[in-house]
Structures are given as structure tokens and as C-alpha cells.
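# Fold and contact review
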Amino acid sequence: MKPHLAIAMLALLAGAPSAFAQQAVSTLPAVSENKVDTDTFTKTLASANRFEIESSKLAQKKGVAADVADFAALMVKDHTKAGQDFKAARERSQTTASIKPQGPPLLPTDQAMLDQLKALDGEAFQARYIALQTEAHKQAVAMFSTYARSGDDPALKEFAKKTLEVLKMHEMHLRDVAAVH
């Protein structure tokens, strides 16, 4: 069952642009069914983390319910820390993948989701933000679980294991927020 989780996560990542934008674009390299390669992990993680921060900063400006605003503040705090931890792990890692200091551009999937949120306000924004955060965290938990189990870079594997627990906590928090809204 677990190898299928990685395939499902990658299928969602590859298919999501068509669900969120007019054109379907995927720049993720192929992976085997039970492993996420380091290059895919680092590129996907950097973009997804930036999406979490930018979409949550947007939520803080859009006048969402207090509990959603609190969740957005938590996302900014935790994902900023995750970005710092990721940078430290990359400095100890064996990977040669290059990520610019200001961060890579968002992957097409993440950019399409952010653009979609920018176009919404009020209840529509709040509902979409919760839905996108829920989906993003499902995908992140799947990818981090797979890399923590089968990654080939020890420093990044350790980072994935440590961060996985925070992502699972975010998922549980999202269930509570979604149940109210």
C-alpha cells in the first residue's frame, strides 16, 4: 500500500495544475513508485514551503475567521522555521541541487493555487484556502514520509523525519478548522 501512496501523491502533484489553472504544466521529474529522489524532494519542498508561507500571509490579509487567521499565523511561523531547517540540512547534505537564496520560483502547481487564492475574497477565499491547505498537507505528509523512509541523502532524510511530525500536526489542526467551517 505504501508504494501506492507515493504514486498517488505524485499523480496529484502532476495533475493539480489542470485543476487549478487553464493549462496543465508539470516540471516534476519522474520517480519510482516507492521512492522520491533528492532532486524532486528539494525542488518540491522549496516550492511547497514557499506556497504555504505566501498563501498564509495572504489569508492574514483577507479577513478570515479568527481560527483560520490563527492557523495562517502558525503556517507562516512553522514553515519559515522549516525553510531555515531545510537550508541548514542542505548545507550538511550531499546534494548538489541549486536553490537560490531568495528561493526558487514556485512550481506551476503552487503558483496556480496561489493565483487562485489571490482572486478570491471573504468566504470564498476562506473555503478555498482551507481546501488547498488540506490538499497541500496531504501531499507534503506523503512526500516527507516517503523521503524519510527511502531518501538517499542522510541530512535531508533526518530533516524529513523531524519535519514530518509538524506536518502531521498541521493536518490534524486543519481537520479541526475545516470541521468548523
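The model shown is predicted, which means the values in this text are computed figures rather than measured ones. For every chain, the first residue of the written sequence is number 1, and numbering continues from 1 along that sequence. Since the coordinates come from a predicted model, pLDDT governs what is reported: local features require at least 70, and pairs of side-chain atoms require 80 or more to be given and counted, while whole-chain, interface and lining totals use all residues. Computation of side-chain values: all heavy atoms of the structure, hydrogens and water removed.

Inspection of the secondary structure puts Ala59 in helix 2 (residues 38–61). Since its relative accessible area comes to 0%, Ala59 is described here as buried. Separated by 14 residues in sequence, Ala59 and Ala73 have C-alpha atoms that sit 8.8 Å apart. Contacts are assigned to residue pairs that have any heavy atoms within 4.5 Å of one another. Ignoring anything within four residues of it in the chain, the contact list for Ala59 reads Val64, Ala72, Phe125 and Tyr129. Strands are runs of DSSP state E lasting at least two residues, helices are runs of H or I lasting at least four, and both sets are numbered from the N terminus onward. Between buried and exposed lies partly exposed: a residue is buried under 20% and exposed over 50% of the maximum accessible area for its type, with that area taken using a 1.4 Å probe on protein chains only.

For our purposes a nonpolar core is just a set of buried Ala, Val, Leu, Ile, Met, Phe, Trp, Tyr and Cys residues, chained together by side-chain atoms within 4.5 Å. With 20 residues, the main nonpolar core has Phe51, Val68, Phe71, Leu117, Phe125 and Tyr129 as its most contacted residues. Mapped onto this core, the elements with two or more residues apiece are helix 2, helix 3 (66–92), helix 4 (108–118), helix 5 (122–150) and helix 6 (154–180). Discounting residues that sit within four places of it in the chain, Val68 has contacts with Gln126, Tyr129, Ile130, Val177 and His181. Ala46, Val141, Phe159 and Leu167 belong to the second-largest nonpolar core, a separate cluster that totals 17 residues.

It is worth spelling out the packing of helix 3 against helix 6 at this point. With axes taken as lines fitted to C-alpha atoms, and helix axes fitted only over the stretch in contact, angles between N-to-C directions fall between 0 and 180 degrees. At a closest axis distance of 10 Å, the pairing of helix 3 and helix 6 adopts a crossing angle of 170°. Classified by the interaxial angle, the pair formed by helix 3 and helix 6 is roughly antiparallel. The nonpolar class holds Ala, Val, Leu, Ile, Met, Phe, Trp, Tyr, Cys and Pro. Asp, Glu, Lys and Arg form the charged class, and all remaining residues, Gly among them, are polar. Class assignment of the residues belonging to the contact of helix 3 with helix 6 gives a composition of 16 nonpolar, four polar and eight charged. These descriptions rest on fixed angle ranges, namely under 35 degrees for roughly parallel, over 145 for roughly antiparallel, 65 to 115 for roughly perpendicular, and the rest for oblique.

Here we take up the packing of aromatic side chains. Note on aromatic contacts: the rings of Phe and Tyr and the six-membered ring of Trp form a pair at centre separations within 6.5 Å, being stacked when their planes are under 30 degrees apart, edge-to-face when over 60 apart, and tilted otherwise. Considering all chains together, one arrives at five aromatic pairs under this definition. Seen from their ring centres, Phe125 and Tyr129 are 5.8 Å apart, and the 10° between their planes marks the pair as stacked. One end of the pair, Phe125, and the other, Tyr129, are both in helix 5, four residues apart, so they sit about a helical turn from each other. Here Phe125 matches Tyr129 in class, with each residue buried. Put simply, the rings of Phe41, Phe86, Phe144, Tyr147 and Phe159 touch in pairs and so form one group of aromatic residues.

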